Structure formats: C-alpha cells, structure tokens
Amino acid sequence: MHDDEHDDNCAPYSQDLEGERQRLAGIAFRMLGLSFEANLAVAEAFERWLNLTSEERADIGSPQEWLTEAVSKVCLERLSVKPSRRAGYRGNWLPEPVPFPPLEELSSGQNPKDRYTLDESVNMLLMVVLDSLTAEERVAFILHDVFGVGYKGIADVVGRSPVETRRLAKSARLHIQDRRKNEVSAERQRQMVLNLLKACEARDEHAVGCMLHPLVTLLVDSGGKCGAVAGPVEGAEAASRKLIQMLIEAPVMTVSARSVNGGSGLIFRHAERVIGVLSVNVEADKIINIWIVTNPDKLEQWNTS
C-alpha cells in the first residue's frame, strides 16, 4: 500500500504519462504479437512506475524513456518463457492480425537510417520472423530499428553491453532482410490476393496451384476452437486443395479484400462478424506463405473497430 503522500506524488506523473500508453502498447505488441498481452505489459510497466518512491522518480531524467525500458523488460521476461506462454495452445500459433497499422507517434530523437516504418514493422511476415528470433534479438531490433532507442538504453533492458546489443540488433536485421529480400511490390501483392480469391471462389484448384510457390506453406491458427488444421500444409497441390476445402466447408460467409497488418489480405465474415483473416507472403511472383487466423480471441479488434 502507498501512503497518501506517495499517492499524491504519483498522481501528476501518471496523468502526464497517460498519453504514452498508445506508444508503449505499440512497442509491446511488436514484441509479443498479441494486443491483449501488450496491454497487460503496459499496465505492469505503469504499475512499476507507481511503485517508485517520489525520490526515485525525481532522479529519473525522462519518465518516457524509463517507461519504454520498463515495458521492454516486461516483454523480455514474457518472451524468455515462450514455451510456457504457449502452454496449452492448440495447433499452429500465429501473431495476431491487425486491421490497420497502429498509429503511434514516434518519439523525437534518434532516427536511424535503417528504421522500419510503423506500417512495415507490423507486416505479418516480419512478425512471423520476429517470433523465430531469440527474445534478446527481438527486443533489440524493435527498440533500435523501429523506435530509435539507443544501444545504451537497450543494453539496460537486455542486460548486455552496448556492443553486444548492437550485434543482437544486427543479427535480427540480417534474418529479416534474408526473408524479405524477394518481396514484391504492395500493388503486385494486392493483385495476387485478389486473383487468389477469384480462383478459390471458382473452386479452381489448378488456377490456385499456379499462383502458389512449389514450397508454399499454409498455416491456420484456430487456437483449437474452430476448424483446426493440425499442422502446416506444405506444397502447392496440398495447399490449393486445403484452401478450397476450407471455403466449401465454412459457413455461409462473405469474403473481401482488406488491409491486414499494413499489407493486402482477405477477411471472412459470417453474420456480420469477422471469423477469419488471411494474409500472404509473395516471392518471385508466387505465394510462398499463407497465414490464416480463425481463433476468435485474436480477431477481437476486427469486430470492434
């Protein structure tokens, strides 16, 4: 419990910092891949701030930077126990799709030339690649390349030296660049998605297969709650068959093109509710990754926005 004097001192700080919640939630979402977990991380960071004494807060030069480090530490703690985070999760796990790029404002200050734009930093491929990195690499990349935090500040978060954090960010950057080197333009991806929808609606397996890379992988994240697909579906023939089968077996619904994580995708509606979101990754003019999220827990933003 805080005494009255402590609470009075907290009040102006907490009011002044309320505007930071959206930016902090953006950082946490990119680290954790789930908006619910991101909001919990932000709440915990604010709780840590409020638990400081007035003397401790007075010694902090920038409360915004302190909160950035605090929420990053909370995320790092959660990422470091990833297996237990996913304990009991049924089937494939994908990051939560978002219906629009988050609109956080970047903090003023450092602006590294290799910074990703906010739209790019929620790209589904990037989120999937980030999920394959170590917790430290993910935190270092997001803080430095997306939000412009200096390596010294990142070092305080991950418990490494600034030189080591630079290496962590570089390692993450190389992994990401390798996966994204053959990406097509946004307009070409949009056209591919529309063509895929047309071929699927025509139930033309051959036409669908011609758009898919021979090594295509289809992942469906249902959370075990609806129409679960046990594991990855690999290969153009199997993936085209599965896509059409899913459309045939689904309830009566409408399908439309929509921005997904800042890129082109499809949304599936039944009774005015979004029941599925599809996004793709296109390489060398062929779709090589198809991600479909049907877990209703990950579609709440689609049905409230």
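So, here is what we can say about the structure in this document. Just so you know, these numbers come straight off a predicted model, no measurement behind them.

## Brief notes about the overall build of the chain
Within the chain, the regular secondary structure consists of 13 helices and six strands. Burial analysis of the chain (305 residues in total) assigns 49% to the buried set. Pairs at least 24 residues apart make up 67% of the contacts formed inside the chain by residues separated by at least 6 positions. Accessible surface computed for the chain: about 14,800 Å², of which carbon and sulfur atoms make up 51%.

## Some thoughts on the packing of aromatic side chains
Evaluated as defined, the whole model comprises one aromatic pair. Ring geometry for tryptophan 49 and tryptophan 66: centres 5.4 Å apart, planes at 65°, overall edge-to-face. Taken together, the residues span a long stretch of sequence, with tryptophan 49 in helix α3 (residues 35-50) and tryptophan 66 in helix α5 (residues 63-79) at a distance of 17 residues. Its guanidinium or amino end placed over the ring of tryptophan 93, lysine 298 lies 4.1 Å from that ring's centre, counting from NZ or CZ.

## Regarding the environment of valine 98
Mapping valine 98 onto the fold places it in the loop between α6 (82-85) and α7 (124-131). Assessed through its relative accessible area of 3%, valine 98 is described here as buried. In the structure, valine 98 is positioned 179 residues away from valine 277 in sequence and 9.3 Å away in space, judged by C-alpha atoms. Those residues in contact with valine 98 that sit more than four places away from it in its chain are Phe29, Ser259, Val260, Asn261, Gln301 and Trp302.

Rules used in this analysis
Residues numbered from 1 in each chain as written. Predicted model: local features only at pLDDT ≥ 70, side-chain atom pairs only at ≥ 80, totals over all residues. Heavy atoms only, no water. Helix = DSSP H or I, 4+ residues; strand = E, 2+ residues; numbered from the N terminus. Buried < 20%, exposed > 50% of the residue type's maximum accessible area, 1.4 Å probe, protein only. Contact = heavy atoms within 4.5 Å. Areas by Shrake-Rupley, 256 points an atom, 1.4 Å probe, with all protein chains shown as cover. Phe/Tyr/Trp six-rings, centres within 6.5 Å; stacked < 30°, edge-to-face > 60°. Lys NZ or Arg CZ within 6 Å of the ring centre and 35° of its normal.

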